[in-house]
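# Breakdown of the fold
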Amino acid sequence: MFYLGIDVSKDTLDCCLLYQGLEGKKKNKRFLNSNKGYTELLQWLAQQSGTPAHTHIGMEATGCYHEEAAFDLHEAGCLVSILNPAQVRYFAKGRAIRTKTDKVDSEVIAYFVGVNQPELWQPPTPEVLLFKGLLTRLNALSDDLQREKNRLEKALSTTTPDRVIASIKASISFIESEIKRLENDKNGHINRHPQLKHDKQLLESIPAIGDKTSDALLSILETHHFDSADKFASYLGVTPIEKQSGTMIGKVMLAKNGSSQVRAKLYMAAIVATQYNPHVKKLYERLLAKGKCKMLALGAAMRKLAHLCFGVWKNQTPYKADFLPKTA
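Residues numbered from 1 in each chain as written. Predicted model: local features only at pLDDT ≥ 70, side-chain atom pairs only at ≥ 80, totals over all residues. Heavy atoms only, no water.

## Comments concerning helix H12 (residues 294–315)
Helix length check: H12, at 22 residues, gives a terminal C-alpha distance of 31 Å against a target of 32 Å (1.5 Å per residue), a fit within 8%. Glutamine 316 sits one or two residues past H12 and shows a positive phi near 55°. (Helix = DSSP H or I, 4+ residues; strand = E, 2+ residues; numbered from the N terminus. Expected span 1.5 Å × (residues − 1).)

## Looking at the pattern of salt bridges
Throughout the structure, instances matching the rule amount to 17 salt bridges. One salt bridge in this structure joins lysine 212 and glutamate 183, with 2.6 Å as the shortest N-O distance. Placement of the pair is lysine 212 in helix H8 (residues 211–221) and glutamate 183 in helix H6 (residues 162–192), with a sequence separation of 29 residues. Residue class for lysine 212 comes out partly exposed when judged on its relative accessible area of 47%. Classification of glutamate 183 as buried rests on a relative accessible area of 15%. Its salt-bridge partner being lysine 200, residue aspartate 215 comes within 2.6 Å of it at the nearest N-O pair. Taken together, the positions of aspartate 215 in helix H8 and lysine 200 in helix H7 (residues 194–204) put the pair 15 residues apart, joining distant regions of the chain. (Salt bridge = Lys/Arg side-chain N within 4 Å of Asp/Glu carboxyl O. Buried < 20%, exposed > 50% of the residue type's maximum accessible area, 1.4 Å probe, protein only.)

## Observations regarding unusual backbone geometry
Positive phi is not limited to glycine here, since alanine 96 has a value of about 60°. Within the secondary structure, alanine 96 sits in the loop between helix H3 (85–94) and helix H4 (102–116). Although it is not a glycine, alanine 208 adopts a positive phi angle of roughly 95°. Counting through the fold element by element, alanine 208 comes out in the loop between H7 and H8.

The following block contains the structure:
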């Protein structure tokens, strides 16, 4: 098996190939992050007697710049893994590697793949890709709308010319109409694809999980692979972190990795769930009765909601309010 580490940037792919195992020789080469570059990378790989089916490629999830490379190399038959940058960095620190350059990063990624054998990435279906794209655009427009509303509020409380205020109002009107149009597109897209519609209905069968939250969680569940509810909760950043050394006991807090926007939606859902979701309410009240603070109990409620969402989605079974295990 060949191990190929790729450090992805906007314009280039820095590659390190371990073609004689973890203890053997390695080769480094840079390619363009483009269709031409992917073709040249595969040709270079073939020159080293490497076949796509026997090449395990690792690349970090770097915004959107890794996506085209991942799709093309997977289509060519390579084994592709999308890695968490934080895990790769901790791996480098564990090997006492302090230097951080594109070349060194590609070597670290190659060794990370060889040592850890990360799970293989599978590209999302076209309908899921469009769903995720619509959500991303809607989130961006929502942020733009809030910024424009803040500008309007500031303009109305100062001596701002009428033409400027009119411009801001026109911008707000346009963004609101575009959001409405995309919402209709998104809802129509979901209705045209039975599996997406069914999965969204499963999530919304859970009390406190509404339209916005179900969309956000569904886009993650449909584009990532999770072996368990714990891994899903960990990805969302709602798992507790405890620090203890000797007699020193640190404050327990949420990991807070992953998307802060998704976590914010889950937080608001958890507040509602403490009143209307029997599983979450029971857990929340039990923790408060033990003297835990409200924020810690809400964090546990967020994690419980994440577990419930994963459960109904994984088992393809709607939420059952009367199913209350002995330990919540």
